[in-house]
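Chain by chain, the residues run as shown.
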Amino acid sequence: MTLLDLWKLIKRSVWLVIGLPIVCAIVCVAVLYFMPNEYSATSTITASAEPAGVGSFATAAAEQQSKNGVEVKASTNTSTRVITITAEGNDPNQCIKAANRALNTTFIKAFSRYNVSGEVVNITVRMDLKRATAATDESPSTTKSAGIALLAGLFAAVCIVVIMDLVRGNIHSARDMEEDYEAQLLGRIPKPNQQEKALDRQQLFANVRFASGEHKSVCVLSIDNEALSAQTCTELAEAATQADKRVLLVDADMNGQSQLAENLVSDGNGLSDVLTGEIQLSDAVRITQGFSYVPAGNPKQSPIALLDSPKLSQMLEQAQLEYDIVILNAAPTTKQADFSYVANVAGSTILCVQEFVTKRKGIEAAATQLAIAKANVIGFVAAE
């Protein structure tokens, strides 16, 4: 995954990437608001000699004063001969008192040990005491903690998005199709409610024409999103019409109301009636949006039985004599099995995929079925 792919993936999950950090920051601020403040009071002893010995008395005194929610610790710096006694807790006054009590206890014990002259002990240690007079608020900074929580939430959100994408196994970009499946990109279709540039539509049609060669019929299908194939069919039909080509768009998805049928006029007779021999092809053609269109109709028998008959090839041959290009809208590969019959008789086949949505397993399964059907797959159309 490239940085560009990651950026596109984050944009598709923008609410998670924005929402999770905000929630983490709010939770952090709430926890800090209800959490009692932490205070610290410090007293010190500077010994002229024997700092380690004085420090041992300080450690014992600190342990005795660690009670009632106050934790007292002692540390010794032998190079500077400074013994530091620190008391931490939620009550500043208790911290000050605990630090000074430990200081007094340490001084008394050290004085009785080192400031005595006699036959056994003859050591004089001067000790400078600095008592705790105030406690410092050591509570975490709300601003800094919220910032850290915000960054942690952002990192977690990005990780979640990446892991979810790995679990889904979707393609990331058109480059994945080109590199992993050795397919060529014919063009792109815009997002829903997004205006496509006229040049993009014309380039898509030109690429399809060049890739198809002498073949006049094109089968358009998607993996699991029939809206993609329906939009691609419409884009190709409109572009061909603008190029002064005679266009026939045939809805070969006879499994209920297809997306193409919802977008265009779908009442009356259609392809199913032509394949059963009840009507001629010309009787099923109607003009919509400037091009000729044949709806799927209402099949009275299995769509596979209709598509697996010689009449489909005969109908296609007749259509290619009357039109410059025939576009066939097939059912999605993961929803119905009849797409392979349409791809088999069509001169060329286009696969429609959507970045970060179309699954790799679906592409691999479709590629296998199209290869068995001996379909002439000329490339793919990508949608963001």
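Described in the following lines is the structure provided in the data block. Since the structure is predicted, the reported quantities are computational estimates derived from the model, not experimental observations. The residue count restarts for each chain, going from 1 along the sequence in the order it is written. The predicted nature of this model means local features are confined to residues of pLDDT at least 70 and side-chain atom pairs, given and counted, to a pLDDT of 80 or more, with totals for whole chains, interfaces and linings taken over all residues. Only hydrogens and water are removed before side-chain values are computed, so all heavy atoms of the structure are retained for them.

## Quick look at the pairing of strand 12 (residues 291–294)
Inference 1: The two faces of strand 12 match: Phe 291 and Tyr 293 on one face and Ser 292 and Val 294 on the other face are all buried.
Inference 2: Here the rule is simple: two strands pair whenever DSSP picks up at least two bridges between them. Only DSSP runs of H or I covering at least 4 residues are called helices, and only runs of E covering at least 2 are called strands; the numbering of each starts at the N terminus. As judged from the 3 bridges shared by strand 10 (residues 247–251) and strand 12, these two strands associate in the parallel manner. Note on strand 12: the bridge partner recorded for Leu 248 is Ser 292.
Inference 3: With 3 bridges joining them, strand 11 (residues 286–288) and strand 12 adopt antiparallel strand pairing. Each bridged residue has a counterpart across the sheet, and for Thr 288 the counterpart in strand 12 is Phe 291. Relative accessibility under 20% of the residue-type maximum defines a buried residue, over 50% an exposed one, and the middle range a partly exposed one, all with a 1.4 Å probe and only protein chains included.

## Regarding the environment of Ala 156
Inference 1: For Ala 156, the location among the structural elements is in helix 5 (residues 142–168).
Inference 2: A residue is classified by how much of its surface remains accessible, and Ala 156, at 28% relative accessible area, is partly exposed.
Inference 3: The sequence separation of Ala 156 and Val 377 amounts to 221 residues, and the corresponding C-alpha distance is 41 Å.

## Side note on the packing of aromatic side chains
Inference 1: Under the pairing criterion, centres of Phe, Tyr and Trp rings, with the six-membered ring standing for Trp, must be within 6.5 Å; the plane angle then separates stacked pairs below 30 degrees from edge-to-face pairs above 60, leaving the rest tilted. Using the criterion set out here, one finds 3 aromatic pairs in the structure.
Inference 2: Between the aromatic rings of Tyr 33 and Phe 34, the centroid separation amounts to 5.1 Å while the plane-to-plane angle is 90 degrees, which identifies the pairing as edge-to-face. Each member of the pair Tyr 33 and Phe 34 is classed as exposed.

## Describing unusual backbone geometry
Inference 1: Positive phi, normally seen in glycine, also occurs at Asp 244, with a value near 60 degrees.
Inference 2: Within the secondary structure, Asp 244 sits in the loop between helix 8 (226–242) and strand 10.
Inference 3: One non-glycine residue, Phe 356, lies in the positive phi region at around 65 degrees.
Inference 4: When you line up the elements, Phe 356 lands in the loop between strand 14 (348–354) and helix 15 (360–372).

So yeah, pure geometry; function would need other evidence.
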